[in-house]
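An overview of the molecular structure
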Amino acid sequence: MISKELTDGLNEQMNYEFYSAHVYLATAAYCSNESLDGFAKFFLAQAEEERFHAMKFYNFLIDLGQQAVISEIPGPKAGFSSVQDAFEKSLAHEKEVTRRIYKLADRALDEREHATMTFLNWFIEEQVEEEASFDAIIQKLKRIETDSNAFYMLETELGKRTFENG
């Protein structure tokens, strides 16, 4: 049987994943406002991915016979000085998600809650990909600096991103 502390942690992370979706929706809105539609599409897909992550937590809690507790989602901070700043703040956000997942995994390990440990391993691997993806985009943005053609090409490339769950 899963402990109350671990159940509370899973609920907290589920709600943080919903918050993450809001963070990326706000970032997409910034990009749209700047007429950067490719970057906006990238962040809209990211928001969908975060909602999918939240629902994975929701379904896992339900499968364990626990209550999924939906809490209020605070409004995200959405001020950016540039696209690069938006990606740097997104990377920082993903690092916070990773920290939270690790903390949850540590608790599951301490409790020898094997089902939760297995469930969280998927997220641990996902976070490696998330951080690497954002870091790679930041490195590209730094390399292109003021090259408008390269910026356009990167925006076009990222605008092709779609989210498919699974």
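Residues numbered from 1 in each chain as written. Predicted model: local features only at pLDDT ≥ 70, side-chain atom pairs only at ≥ 80, totals over all residues. Heavy atoms only, no water.

1. Structural notes on the overall build of the protein chain
Along the backbone of the protein chain there are five helices and zero strands. Going from the N terminus to the C terminus, the protein chain shows its helices and strands as α-α-α-α-α. Computed over the C-alpha atoms, the radius of gyration of the protein chain is 17 Å, within 12% of the 15 Å expected from 2.2 N^0.38 for a compact globule of 166 residues. For the protein chain, the spread of C-alpha atoms along the three principal axes comes to 55 × 25 × 25 Å. Here the protein chain, with 166 residues, has 46% of them falling under the buried criterion. (Helix = DSSP H or I, 4+ residues; strand = E, 2+ residues; numbered from the N terminus. Rg over C-alpha atoms; globule rule 2.2 N^0.38 Å. Buried < 20%, exposed > 50% of the residue type's maximum accessible area, 1.4 Å probe, protein only.)

2. As for the packing of aromatic side chains
Scanning the entire structure with this criterion turns up 16 aromatic pairs. Each ring, one from F42 and one from F87, has its centre 5.5 Å from the other, and the planes form 45 degrees; the classification is tilted. Note that F42 is positioned in helix α2 (residues 37-63) and F87 in helix α3 (residues 83-110), a separation of 45 residues in sequence. Judged by centre distance (4.0 Å) and plane angle (5 degrees), the ring pair of F60 and F119 falls under stacked. With a gap of 59 residues between them, F60 in helix α2 and F119 in helix α4 (residues 114-144) connect regions that are remote in the sequence. Of the residues examined, F60 reaches a relative accessible area of 12% and is grouped as buried. What makes F119 buried here is its relative accessible area of 13%. Aromatic rings pair up to connect Y24, F39, F42, F43, F87 and F134 into one cluster. Here K56 stacks its cationic end above the ring of W122, 4.3 Å away from the centre of that ring. When the ring centre of Y16 is taken as reference, the NZ or CZ atom of R100 above it lies at 3.7 Å. (Phe/Tyr/Trp six-rings, centres within 6.5 Å; stacked < 30°, edge-to-face > 60°. Lys NZ or Arg CZ within 6 Å of the ring centre and 35° of its normal.)

3. Quick look at helix α5 (residues 148-158)
Those residues of α5 not exposed but buried are A150, L154, E155 and L158. All buried residues of α5 lie within an arc of 140 degrees about the axis, which places them on one face of the element. Pointing more than 90 degrees away from the buried face of α5 are the exposed residues S148, N149, Y152 and M153. Packed against the buried residues of α5 are α2, α3 and α4. (Arc of directions from axis to C-beta. Contact = heavy atoms within 4.5 Å.)

4. Thoughts on the packing of α4 against α5
Taken N-terminus to C-terminus, the directions of α4 and α5 make an angle of 160 degrees; their axes are 9 Å apart at the nearest point. The angle between α4 and α5 places the two elements in the roughly antiparallel class. Seen from above, α4 lies across α5 with left-handed handedness. Contacts between α4 and α5 pair I137, K140, L141 and I144 from the former with A150, F151, L154, E157 and L158 from the latter. Here the residues of the contact of α4 with α5 sort into seven nonpolar, no polar and two charged. (Axes fitted to C-alpha atoms, helices over the stretch in contact; angles between N-to-C directions. Parallel < 35°, antiparallel > 145°, perpendicular 65-115°, else oblique. Left-handed = near helix turned anticlockwise from the far one by under 90°. Nonpolar A, V, L, I, M, F, W, Y, C, P; charged D, E, K, R; others polar.)

5. Re the environment of A105
Counting through the fold element by element, A105 comes out in helix α3. Accessibility expressed as a relative area gives 15% for A105, which makes it buried. Distance in space between the C-alpha atoms of A105 and H22 is 24 Å, their sequence separation being 83 residues. Here A105 is in contact with L120 and I124, once residues within four sequence places are set aside.

Honestly, it's all geometry; don't read function into it.
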